[in-house]
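Given next are the chains, with one letter for each unit.
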Amino acid sequence: MSIQKMVTNRLAWCGLSLVFGLAPLPAKALEACDEPGFAHLLHPQRDAAPLAARAYWLNRGLIQWPGAAEKMAVGARVKLYYSAQAALQIGPNQALGGADASLLLEPSRAELPADLAQRFKFIAPGPRWQVAEADLPRLPQLHRAQVWLVLEDEAGLVQAHTRLQAPGALDDLYAAAERVETLGVSVARQTSFTLWAPTAQKVSLCRYPSGSSKALALDALKWDAQTGVWQTKLTGDLSGQYYNFLVDVFVPGLGVVRNRVTDPYSLSLTTDSKRSYVADLQRAALKPPGWDAVPRVARPSRVKTATDMVIYELHVRDFSISDATVPAAKRGKYSAFTQSSSAGMRHLQALAKAGLTDVHLLPVFDIASIPEAGCLKPKIPQAALDSPLQQAAVMAVAAEDCFNWGYDPFHYSAPEGSYSSDAAKAERRIIEFREMVQALHKADLRVGMDVVYNHTAAAGQHEKSVLDRIVPGYYQRLNALGEVERSTCCDNTATEHRMMAKLMIDSVALWAREYKIDSFRFDLMAHQPRAVMEALQERVNQAAGRPVQLIGEGWNFGEVAHGARFVQASQLSLNGSGIATFSDRGRDAARGGSAGDSGQAVLQNQGWLNGLVYAPNASAPQRPPADLMQAADLIRVGLAGSLRDYELLTWQGKKDKLADIAYGDQPAGYVAQPGEVVNYVDNHDNQTLFDINVLKLPRETSSAERARVQVLGLALTAFSQGVAYFHAGVDILRSKSLDKNSYDSGDWFNRLDWSYRDNGFGAGLPPKLDNGEQYPLLAPLLADASIKPSPADIAWTRDAFRDLLKIRASSSLFRLPTAEAIQQRLKFLNTGPSQNPRVVAASLDGRGWPGAGFEQVLYFINVDPSAQHIDLPSEVAKQFALHPVHLDAAAADRRIAAEARFDAGTGRFTLPGRSAVVFVRQ
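Trainee: An account of the sheet that holds strand β43 (residues 908-911) is requested, with residue identities and associated values reported.
Mentor: The sheet built from 3 strands is open, its strands ordered β40-β43-β42 with antiparallel pairing. In this open sheet, the two strands that pair with only one neighbour each are β40 (868-871) and β42 (901-903). Adjacent strand axes in the sheet meet at a mean angle of 15° when their direction is disregarded. Bridging between β40 and β43 involves 4 bridges; their strand directions are antiparallel. Bridge pairing in β43 places Ile 870 opposite Phe 909.

Structure representation (structure tokens):
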């Protein structure tokens, strides 16, 4: 078989579509820096057959081979064979050839140490072997070669063989690497380049004077046997140059490959991340004017504890791409945030004035899926509200357009280039990112970052794979065959491995320290160990010199589910950590059904907000009244911050701790402290709140009533104990034309209109890939022009949301910082089997509480279209008034001041239909 065909076959086996350079080595070494291909095959693997990695290195010298006991025979022996040039092969007589050397292993029957037993509890049983003490010094050399674990019979013939998964050995052998202070580039009197690549045979540095010119130098890096780090220190400050590494490394299934690869610790890059950039982030030239002049105390300071956070989740491109008040060159860019008089910035400023504390940006690190130059813009045809033509135009260029949510990490510690004014100039993205943060801070808004360390955009020998082309098989989490796990959607990372954890921690600390990021949202955080997240929390606080709040998705699924590999940073495993997870309890009770609903269930599974029992739509089955009471109790769980130990009189007449109330097969209450829960009814995932209500509300619901339902959903979040989280545009009835997954749906379906004229509903049928099966259900709704809100509806919702923010900001009782305070001061009324489940009512006791503002606060949320009367004997003879925000002449919902009533003689409260009402007592 020819080398060309052999390599092509192996690439196909690895699931790769890219073929890299197979030309002879360049005559001059420097030319390797400028070759068109990103990799060069130096020594093809001689044995072309795919080979699984079924065995595990548990530490530097201990190996376990699940299932091997079945293959063992009397007199069998186990060896490690290795070849630096990937020459291992099994001949026709089952004799192994091509090895540089071998190590005979000794059986190990000792009890596994507790730390190893815990780390490798997920692997299947199997015999263990130990490398002989005398052979341990040979292991670093072995790990830089092709290695097979071989079971031989007495005659030396191969009975079975496998590759090995090496992270356990590398973490043990090179534990000192975790303490290396600076990986990547460091600039002082010298410029040092440092790369952790313990399995590499050789590493060189390509340097370039610019992002597009030919290489000016090729420098060798020196290997440190203690850390596995390669480093070179060059004279002078090389800031402004660009660089790549050439890494000669064995790649399973291919052979020894020379990979030209960017730096995993890149601080910035040139266009489309082809070259890393030499930068000293402390240099004045990389800082906007005044960056260092602003003392920490002058930064937004309203957030004292996590429960003070009121977050607006926003995508950089969405924010301004459709905003005509932003100069055309700045639309969709970091610099749009510096336009303080633009419509979008005026919107954020108004929210900040009302009580918003944080803007959380969807991914702004370097993203693999957005072209940084020459991206295409779809030509959207004029078509009917329910036409498929708009989505066809969007999806025709989706892979090459300027839009993606960005959950495709390329380089974790560098700003994304498509949001800068010039992606070719690596310094611009640094400066403009800082200008964006500076502008938001000036607007009294803290800045949060959505980070994605649970997967990479690519692995293996893909061009956009970085980590796996430097240390193959280490950074990604593997299954029992040595294949990359993909439960997250993409190529999972293994933050349980020492150096992947370090990369994540170093990266987050850098964003907090160098870019003044105030908080972080971790995508699929439960795929990371709790212990690593706690270490990260300590480090990032230290780096920032202040508390930095961490929130994340704690969904429990995939190969790590239920603690299969480690104690996860998941909903049920973070009690007492201070790290918050998003709660689906109140969200699902409010919206109805779950995020995974499809078919008719999307219409039928109404929630507490949109008609469950009290206003069934045409598709909804008849539901018993108990279903509404059960949903109301889950709403109360969310309002109480999902605290495990908070007690509630349930609809069944029992006083239960929230942890004893069922949410499917999980406890409804699951957190120890309110700062450990994020409350929301809408975020970038799934249908927007407006769209889910389009699907579930009765078709005849007027546009004005739809706006009121929207505000009730926002009130649930605003009144809940814990972190309040809102999706950008939820306050202006944002629609994505019923799209349930708009991650790659372009500007057309993700647009925001700060002119408040159009909410996006009726933009055509949403992209077919994720929504096509639902087209028969979606088309009639999109075609119904009566559903689309008027500009007046949008403006009313905008103002009603700001009223809710003002109410939350007016009293610290809505932001209680401890479980003890909530247990003492929050009391639900109208509960138990005799409740009116259309209304939730709660009392907050402000006596003696700092910042309470009132002696008592009573809030009500009435989801029924009609006015409701709630009799509360406990409140008889008290002097309640409507909250001052309701009485303000500028209040959005004038019905409240006109119709809401309290009769002190009877304790009766009268609430307008579909209203959120707050009474106070001074």
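Trainee: Describe the nonpolar core, with residues and values.
Mentor: Counting 235 residues, the largest nonpolar core has Leu 80, Phe 337, Leu 348, Phe 520, Phe 522 and Phe 719 as the members making the most contacts within it. Residues within four places of Phe 719 in sequence aside, it is in contact with Leu 639, Leu 804, Ile 807, Arg 808, Phe 814, Tyr 859, Ile 861, Ala 916 and Val 918. Counting 16 residues, the second-largest nonpolar core is a separate cluster that includes Val 839, Leu 858, Leu 911 and Phe 919.

Trainee: If you had to explain the pairing of strand β21 (residues 310-314) to someone new, which residues and values would you point to?
Mentor: Of all 5 residues in β21, 5 are buried; the element is thus mostly enclosed. Alternating positions in β21 separate into two faces, Val 310, Tyr 312 and Leu 314 on one and Ile 311 and Glu 313 on the other, with burial throughout. Pairing analysis gives 4 bridges linking β21 to strand β36 (residues 723-727), with the strands arranged parallel. Within the sheet, the bridge partner assigned to Tyr 312 lies in β36 and is Phe 726. Pairing of β21 with strand β22 (residues 358-361) involves 4 bridges; the strand directions are parallel. For Leu 314, the partnering residue across the bridge sits in β22 and is Leu 361.

Trainee: With reference to specific residues and values, describe the sheet that holds strand β8 (residues 128-131).
Mentor: An order of β10-β9-β4-β7-β8-β3-β2-β11 is seen for the 8 strands of this open sheet, with the pairing classed as mixed. Of all strands in the sheet, those bounded by a partner on one side alone are β10 (158-162) and β11 (164-165). For strand β4 (residues 77-83) and strand β7 (residues 101-108), the ladder comprises 4 bridges, and the chain directions are antiparallel. Among the inter-strand pairings, Leu 80 is bridged to a residue of β7, identified as Leu 103.

Trainee: Residues and numbers for the state of the cysteines, please.
Mentor: If you walk through the whole model with that rule in mind, you get 3 disulfides. Paired through a disulfide, Cys 33 and Cys 206 show a sulfur-sulfur distance of 2.0 Å. A torsion of -80° about the S-S bond marks the disulfide between Cys 33 and Cys 206 as left-handed. With Cys 33 in the loop between α1 (3-13) and β1 (39-44) and Cys 206 in strand β14 (residues 200-208), this pair connects stretches of sequence that are 173 residues apart. Each sulfur in the disulfide pair Cys 489 and Cys 490 lies 2.3 Å from the other. Of note, the bridge from Cys 489 to Cys 490 carries an S-S torsion of about -90° and is left-handed in sense. Overall, Cys 489 belongs to the partly exposed group, its relative accessible area being 43%. Judged by relative accessible area, which is 11%, Cys 490 ranks as buried. Sequence-ordered numbering of the bonded cysteines in the protein gives a disulfide pattern of 1-2, 3-4, 5-6.

Trainee: Describe the packing of aromatic side chains, and please don't skip the residues or the numbers.
Mentor: Considering all chains together, one arrives at 38 aromatic pairs under this definition. Measuring from centroid to centroid gives 5.0 Å for Phe 433 and Tyr 515, while their planes differ by 70°, and the two rings are edge-to-face. Taken together, the residues Phe 433 in helix α8 (residues 426-442) and Tyr 515 in helix α10 (residues 498-515) connect sequence positions 82 residues apart. Among the residues examined, Tyr 515 registers a relative accessible area of 0% and is labelled buried. Ring geometry for Phe 719 versus Tyr 859: centroids 5.0 Å apart, planes at 45°, classification tilted. Taken together, the positions of Phe 719 in helix α16 (residues 703-719) and Tyr 859 in strand β39 (residues 856-862) put the pair 140 residues apart, joining distant regions of the chain. The burial state of Phe 719 is the same as that of Tyr 859; both residues are buried.

Trainee: Summarise unusual backbone geometry; cite the residues concerned and give the values.
Mentor: Of note, Asp 444 is a non-glycine position whose phi angle comes to about 65°, a positive value. Structurally, the position occupied by Asp 444 is in the loop between α8 and β25 (446-451). For Asp 444, a relative accessible area of 31% translates into the label partly exposed.

Trainee: I'd love a proper account of helix α11 (residues 530-544), names of residues and values included.
Mentor: The end-to-end C-alpha distance of α11, which contains 15 residues, comes to 21 Å, matching closely the 21 Å that a straight helix rising 1.5 Å per residue would cover. Turning to α11, the residues buried within the fold contact α10, β28 (519-522) and β29 (549-552). Looking one or two residues beyond α11, the residue adopting positive phi is Gly 545, at roughly 70°.

Trainee: Give me the lowdown on the side chain of Gln 146, citing residues and values where you can.
Mentor: Topologically, Gln 146 is positioned in strand β9 (residues 146-152). Only 3.3 Å separates the side chain of Gln 146 from the backbone nitrogen of Ala 87, close enough to count as a polar contact. Setting aside anything within four residues of it in sequence, one finds Gln 146 in contact with Gln 45, Tyr 81, Tyr 82, Ser 83, Ala 86, Ala 87, Leu 88 and Phe 250.

Trainee: For the pairing of β9, give the residues involved together with the corresponding values.
Mentor: Of all 7 residues in β9, 7 are buried, a share of seventy percent or more. Residues Gln 146, Trp 148, Val 150 and Glu 152 line one face of β9 and the alternating positions Val 147, Leu 149 and Leu 151 line the opposite face, and both faces are buried. In the sheet, β4 pairs with β9 via 7 bridges, with the strands oriented antiparallel. Each bridged residue has a counterpart across the sheet, and for Tyr 81 the counterpart in β9 is Trp 148. Sheet analysis places β9 next to β10, joined by 4 bridges and oriented antiparallel. Bridging across to β10, Val 150 finds its partner in His 161. What sits between β9 and β10 in their antiparallel hairpin is a turn of 5 residues, with Gly 156 showing a positive phi close to 85°.

Trainee: So what's going on with the side chain of Gln 774? Which residues, and what values?
Mentor: Within the secondary structure, Gln 774 sits in the loop between α18 (768-771) and α19 (775-782). Take Gln 774: its relative accessible area is 9%, and that puts it in the buried class. Setting aside residues no more than four positions away along its own chain, Gln 774 makes contact with Ser 598, Gly 599 and Val 602.

Trainee: Lay out the pattern of salt bridges with the relevant residues and their values.
Mentor: When their charged atoms lie close together, side chains carrying opposite charge are able to pair. Under the defined criterion, the tally for this structure stands at 48 salt bridges. Among the salt bridges present, the one from Arg 798 reaches Asp 799, with a minimum N-O distance of 2.8 Å. Residue Asp 799 is classed as partly exposed on the basis of its relative accessible area, which comes to 27%. Residue Asp 864 is joined to Arg 838 by a salt bridge in which the shortest nitrogen-to-oxygen separation is 2.6 Å.

Calculation notes
Position numbers for residues start from 1 in each chain and track the written sequence from start to end. With the structure being a predicted model, the display of local features is reserved for residues of pLDDT at least 70 and the display and counting of side-chain atom pairs for 80 or more, all residues being used for whole-chain, interface and lining totals. To obtain the side-chain values, all non-hydrogen atoms of the structure were included, while hydrogens and water were left out. Pairing between two strands requires that DSSP report at least two bridges joining them. A run of H or I in DSSP counts as a helix once it spans at least four residues, and a run of E counts as a strand once it spans at least two, with each numbered from the N terminus. The axes used here are C-alpha line fits, helices contributing only the stretch in contact, and every angle between their N-to-C directions lies in the interval 0 to 180 degrees. Residues grouped as a nonpolar core are buried Ala, Val, Leu, Ile, Met, Phe, Trp, Tyr and Cys residues, joined through side-chain atoms within 4.5 Å. Residue exposure (1.4 Å probe, protein chains only): buried if accessible area is under 20% of the type maximum, exposed if over 50%, otherwise partly exposed. Note on contacts: a residue pair is in contact if any heavy atoms of the two residues lie within 4.5 Å. In plain terms, two cysteine sulfur atoms within 2.5 Å form what is called a disulfide here. Any two rings among Phe, Tyr and Trp, with Trp reduced to its six-membered ring, count as a pair given centres within 6.5 Å; such a pair is stacked if its planes are under 30 degrees apart, edge-to-face if over 60, and tilted if neither. The span you would expect from a helix comes to 1.5 Å times its residue count less one. The definition of a polar contact used here is a pair of N or O atoms within 3.5 Å, where within protein one atom must be able to donate a hydrogen and the other to accept one, and adjacent residues in sequence count solely through side-chain atom pairs. In the sections that follow, a salt bridge refers to a side-chain nitrogen of Lys or Arg positioned within 4 Å of a carboxyl oxygen of Asp or Glu.

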